[in-house]
Amino acid sequence: MRDGIRLAISEINASGGLLGRPVQLIERDDEGLNERGAQVVQDLINKERIVAGLGIVNTGVALASQRFYQQARIPVITSVATGSIVTKQFQPPQYPDNYVFRVSVNDTIQAEMIVEEAVERSRFRKIAILHDSTNYGQLGREDLERALLRRGMKPVAVERFNIRDVDMMPQLRRAQKAGAEVILTYGIGPELAHLANGMSKLRWRVPMIGSWTLAMSNFIDNAGPNAEGARMPQSFIAEPVSPLFSKFIRDYQIATGKERISVPPAAAQGYDSALLLAAAIRQAGNTEGHQIREALESLQNPVEGVVMNYVRPFTRSDHETIKSTQTPFIGIVHNGRVVFAYDEDRRRVAGK
């Protein structure tokens, strides 16, 4: 995500910056910790005097820190965090204005795609949910259960694990005993790898379908061959299937010196969030927070991003760029990388 933001800002500055001045990135690492995230944002606002925020990967960090943006009337575009309530904490009419925006695929949409993939495309009827104990995992589990309930279904097993847990065998055995035909996941890479490796030890090979984090390199690398076939929603897949995708992949490689984009959706979303913010600042003609917010809610000119071409992506009442299951794709792990699971999605992107 950070590298995607850096790439966009370097391009903006190379073309003259914003309002006649170069953009300065002030970077902080929230370490995925809620308290640290809250401290970082207060420091950025009160000491660094930032005019806007970009980033945040972790849902818990977003929920703990974005209230400081709101109080300071400084807009933040969430590049990665997907918890469904991230953009809804400060909605009118309870609050006069909402300063929190997002470009990633929220968990309500992801859960719908995950359940659609498991139940409607794959015809599984016995579903297990395995999730971590963070805000991200708990809220994602709730979204999955609601998506199942809309189809008149309940999971046969719901199991929880903690961050840094390495032994998932008890949870897996209970899901196996319940007769689960597929595992739906909401966690992050390292723990998901332990799940996949635990299933291999049990010689229990049922499909894993989960949130976008199954595309993380620390899942794919740590699970090795046990990651093969895992499926997940993706806003961007690093296949050079269109000129736009090819250019972004090439520019990212040149800018970072890295052949591999470790988390492609995060990189693309980070890049797009910076482009959207830049467009709003140009439209506002200044860096006043309330005017940037108003510009974001009524962008006059389309913004060509990697994830999509943004045409009036936000409104006063809707601060999400991705509004339905039609925009993201289903990715699948194949030979150690994420590719399009369905040729029709690949063709759809190639035809853009």
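Okay, so let's go over this structure. As the structure is a computational prediction, the values presented were derived from the model and not from experiment.

### Thoughts on the nonpolar core
Ranked by internal contacts, the top residues of the largest apolar core, which has 78 residues, are Leu172, Trp204, Phe219 and Phe248. Sort the elements by how many residues they give to this core and helix H10 (residues 264-284) lands first, with twelve residues. Formed by 22 residues, the second largest nonpolar core is a distinct cluster that contains Ile114, Val119, Ile129 and Tyr186.

### With respect to the pairing of strand E6 (residues 182-186)
Within E6, five of the five residues are buried, which leaves the element mostly enclosed by the surrounding structure. Because side chains alternate across E6, one face comprises the buried residues Val182, Leu184 and Tyr186, and the other comprises Ile183 and Thr185, equally buried. In the sheet, strand E4 (residues 127-132) pairs with E6 via five bridges, with the strands oriented parallel. The partner of Ile127 across the bridge, within E6, is Val182.

### Points about the pattern of salt bridges
Counted according to the given criterion, the structure contains 28 salt bridges. Here Asp3 and Arg6 are joined by a salt bridge, their closest N and O atoms 4.0 Å apart. Of this pair, Asp3 and Arg6 both sit in helix H1 (residues 2-14), separated by three residues, roughly a single helical turn. Judged by relative accessible area, which is 10%, Asp3 ranks as buried. Here Lys323 makes a salt bridge to Asp318, at a shortest N to O gap of 3.1 Å. Taking relative accessible area as the criterion, Asp318 reaches 26% and is therefore assigned partly exposed. Salt bridges sharing common partners tie together Arg2, Asp3, Arg6, Glu27 and Lys258.

### With respect to the pairing of strand E12 (residues 337-340)
Pairing analysis gives four bridges linking strand E11 (residues 329-334) to E12, with the strands arranged antiparallel. Its bridge partner being in E12, His334 is matched across the sheet by Arg337. Between the end of E11 and the start of E12, which pair antiparallel, lie two residues, with Asn335 showing a positive phi angle near 55 degrees.

### A few points about the environment of Ala111
Summarising the element assignment, Ala111 is placed in helix H4 (residues 107-121). Taking C-alpha positions, Ala111 is 21 Å from Glu228, a pair spaced 117 residues apart along the chain. Setting aside residues no more than four positions away along its own chain, Ala111 makes contact with Asp143, Leu144, Ala147 and Tyr186.

### Notes on the side chain of Asn226
Mapped onto the fold, Asn226 is located in the loop between helix H8 (217-223) and strand E8 (231-234). What Asn226 contacts, discounting residues up to four positions off in sequence, is Ala196, Asn197, Ser200 and Arg205.

### Looking at the packing of aromatic side chains
Each aromatic ring pair is described using two quantities: the centre-to-centre distance and the angle formed by the ring planes. A full pass over the atoms with the stated rule returns eight aromatic pairs. Between the aromatic rings of Phe248 and Tyr271, the centroid separation amounts to 5.2 Å while the plane-to-plane angle is 65 degrees, which identifies the pairing as edge-to-face. Of the two residues, Phe248 sits in helix H9 (residues 243-256) while Tyr271 sits in helix H10, which places them 23 residues apart along the sequence. Residue Phe248 shares its accessibility class with Tyr271, and that shared class is buried.

### Quick word on the sheet that holds strand E3 (residues 100-102)
The three strands lie next to each other as E1-E2-E3, forming an open sheet whose pairing is parallel. Looking along the sheet, the strands with just one partner apiece sit at the ends: strand E1 (53-55) and E3. Averaged over neighbouring strand pairs, the angle between their axes works out to 20 degrees when direction is ignored. With three bridges joining them, strand E2 (residues 76-78) and E3 adopt parallel strand pairing.

### Remarks on unusual backbone geometry
At the junction of Pro92 and Pro93, the peptide bond is cis and its omega measures out at 5 degrees in the coordinates. Within the fold, Pro93 resides in the loop between E2 and E3. The phi angle at Arg73 is positive, at roughly 55 degrees, despite the residue not being glycine. Inspection of the secondary structure assignment puts Arg73 in the loop between helix H3 (59-72) and E2. Residue class for Arg73 comes out partly exposed when judged on its relative accessible area of 43%. Look at Arg164: it is not a glycine, yet its phi comes out positive at around 75 degrees. Mapped onto the fold, Arg164 is located in the loop between strand E5 (157-161) and helix H6 (169-177). For Arg164, a relative accessible area of 70% puts it in the exposed group.

### With respect to the packing of H1 against H9
Interaxial distance between H1 and H9 falls to 10 Å at its minimum, and their mutual angle equals 95 degrees. One element, H1, and the other, H9, form an angle in the roughly perpendicular class. Across the interface between the two elements, Asp3, Gly4, Leu7 and Glu11 from H1 touch Lys247, Phe248, Asp251, Tyr252, Ala255 and Thr256 from H9. Residues belonging to the contact of H1 with H9 are distributed by class as follows: four nonpolar, two polar and four charged.

What counts, and at which threshold
The numbers attached to residues start from 1 for each chain and follow its sequence in the written order. Reporting of local features is limited, given that this is a predicted model, to residues whose pLDDT is at least 70; pairs of side-chain atoms are given and counted only at 80 or more, and all residues count toward the totals for whole chains, interfaces and linings. Values shown for side chains rest on all heavy atoms present in the structure; no hydrogens or waters enter the calculation. To define a nonpolar core, start from buried Ala, Val, Leu, Ile, Met, Phe, Trp, Tyr and Cys residues and group those joined through side-chain atoms within 4.5 Å. Whether a residue is buried, partly exposed or exposed follows from its accessible area with a 1.4 Å probe, protein chains only, as a fraction of its type maximum: under 20%, in between, or over 50%, in that order. Per the convention used, a helix needs a DSSP run of H or I reaching at least four residues, while a strand needs a run of E reaching at least two, with both numbered from the N terminus. Paired strands, in this sense, are two strands between which DSSP finds at least two bridges. When a carboxyl oxygen of Asp or Glu is within 4 Å of a side-chain nitrogen of Lys or Arg, the pair counts as a salt bridge. Here, residues are in contact when the closest pair of their heavy atoms is within 4.5 Å. What counts as a ring pair is set by centres within 6.5 Å for rings of Phe, Tyr and Trp (its six-membered ring), and what kind of pair is set by the plane angle: stacked under 30 degrees, edge-to-face over 60, tilted for all other angles. Note on method: axes are straight lines fitted to C-alpha atoms, helices fitted across the in-contact stretch only, with angles between N-to-C directions ranging 0 to 180 degrees. If an angle is under 35 degrees, it is roughly parallel; if it is over 145, roughly antiparallel; if it lies from 65 to 115, roughly perpendicular; otherwise it is oblique. Polarity classes work like this: nonpolar for Ala, Val, Leu, Ile, Met, Phe, Trp, Tyr, Cys and Pro, charged for Asp, Glu, Lys and Arg, and polar for all others, with Gly in that last group.

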